[in-house]
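Spelled out from the first residue to the last, the chains are:
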Amino acid sequence: QKEVEQNSGPLSVPEGAIASLNCTYSDRGSQSFFWYRQYSGKSPELIMSIYSNGDKEDGRFTAQLNKASQYVSLLIRDSQPSDSATYLCAEGDSWGKLQFGAGTQVVVTP
Amino acid sequence: DTAVSQTPKYLVTQMGNDKSIKCEQNLGHDTMYWYKQDSKKFLKIMFSYNNKELIINETVPNRFSPKSPDKAHLNLHINSLELGDSAVYFCASSLGTDNQPQHFGDGTRLSIL
């Protein structure tokens, strides 16, 4: 059974600082990893996908993947109050099955 | 233009009833999914269809029956609703199955009285 682990938080981050979220996964063979943002009462929204070791940047977001250590992280630079949400890490497979972590709640304080 | 749309948005019903949730995507994707998010916010896959063919069928009570009339539509029928079925049900779609990102609908909040 695949497992994806995340700290549930809340992770409190001052406005303008960097939020760092971590995720570990159990399946060494996993090839795809995704970060979703979910505001309270809303649906998950895809913010990053990453498939290769290393960093991938998109605006204020950077995803980092280390397959040897089986972790994937998300950095949010210049955090804004609008970044306050739950961030879900997911690993995918060739069948399309996404295994989600429980999510990390991020609270950006002005 | 909503990419993945679900109806209804809210569903409040009595235990023992039968209900359906509908999902449609206009992204031209081949693969559609049903997920359940429980009160602890854990999101878990239930079913997946690729081009109208069932490809993922997780351990879900057989009271839940998905149906895909075409690749743009995926419905979920639930028989004999139980209290534990109360959750938010999300539909999602992706271009294909192979490690593709998935795009979620707004969800259907099901409450069983």
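Numbering of residues starts from 1 in each chain and follows the order in which that chain's sequence is written. Here the convention is simple: chains get letters from A, ligands get numbers from 1, in the order in which they are written. The predicted origin of the model limits local features to residues at a pLDDT of at least 70 and limits the giving and counting of side-chain atom pairs to 80 or more, whereas totals for whole chains, interfaces and linings rest on all residues. Side-chain numbers here rest on the full set of heavy atoms in the structure, without hydrogens or water.

(A) Geometry of the state of the cysteines. Residue and element names in this part refer to chain B. Our working definition of a disulfide is a cysteine sulfur pair at a distance within 2.5 Å. Summed over the entire model, instances satisfying the criterion amount to 2 disulfides over all chains. One disulfide bridge connects Cys23 with Cys91, the sulfur atoms lying 1.9 Å from each other. On the sign convention where negative is left-handed, the bridge of Cys23 and Cys91, at about -80 degrees about the S-S bond, is left-handed. Here Cys91 lies in strand 9 (residues 87-94) and Cys23 lies in strand 3 (residues 19-25), a separation of 68 residues in the sequence. When sorted by exposure, Cys23 lands in the same class as Cys91, which is buried. In DSSP terms, a helix is any run of H or I states spanning at least four residues, a strand is any run of E spanning at least two, and both are numbered starting from the N terminus. A simple rule labels every residue: compare its accessible area, found with a 1.4 Å probe on the protein chains alone, to the largest value its type can have, and call it buried under 20%, exposed over 50%, or partly exposed in between.

(B) Expanded view of the packing of aromatic side chains. Only rings of Phe, Tyr and Trp enter the pairing, Trp through its six-membered ring, and a pair is recorded when the two centres are within 6.5 Å. The plane angle decides the type: under 30 degrees is stacked, over 60 is edge-to-face, the rest tilted. Evaluated as defined, the whole model comprises 10 aromatic pairs over all chains. When the ring of Tyr33 of chain B is compared with that of Tyr35 of chain B, the centres are 6.2 Å apart and the planes differ by 40 degrees; the resulting orientation is tilted. With respect to burial, Tyr33 of chain B and Tyr35 of chain B carry one shared label: buried. The interplanar angle of 35 degrees and the centroid separation of 6.2 Å between the aromatic rings of Phe64 of chain B and Tyr89 of chain B together place this pair among those described as tilted. Here Phe64 of chain B, found in strand 7 (residues 64-70), pairs with Tyr89 of chain B, found in strand 9; they are 25 residues apart in sequence, far enough to count as distant. Looking at Phe64 of chain B, the relative accessible area reads 6%, which means it is buried. Among the aromatic side chains, those forming a connected cluster through ring pairs are Tyr36 and Phe100 of chain A together with Tyr33, Tyr35, Phe90 and Phe104 of chain B.

(C) Structural detail: the interface of chain B and chain A. Whether two residues are in contact is decided by their heavy atoms: any pair within 4.5 Å suffices. Each partner contributes to the interface: chain B provides 22 residues, whereas chain A provides 23 residues. Summing the contributions of chain B and of chain A, the shared interface buries around 1,800 Å²; its carbon and sulfur component is 53%. Buried surface area refers to the total accessible area, computed with a probe of radius 1.4 Å, that the two partners give up upon joining, counted for both partners together. On the chain B side of the interface with chain A, the three residues burying the most area are Leu43, Asn99 and Phe104 of chain B, jointly 30% of the side's total. Within this document, salt bridges are pairs made up of a side-chain nitrogen of Lys or Arg and a carboxyl oxygen of Asp or Glu, the two lying within 4 Å of each other. One can count 1 salt bridge joining chain B with chain A. Any pair of nitrogen or oxygen atoms within 3.5 Å is treated as a polar contact; in protein, a donor-acceptor pairing is required on top of that, and neighbouring residues in sequence qualify only through side-chain atoms on both sides. On inspection of chain B and its partner chain A, the count reaches 11 residue pairs in polar contact (both at pLDDT 80 or more). When residues of the side of chain B that touches chain A are traced back to their parent elements, those giving at least two are strand 4 (31-37), strand 5 (43-50), strand 6 (53-57) and strand 10 (103-104) of chain B.

From the geometry alone we can't say anything about function, so treat these as descriptive.
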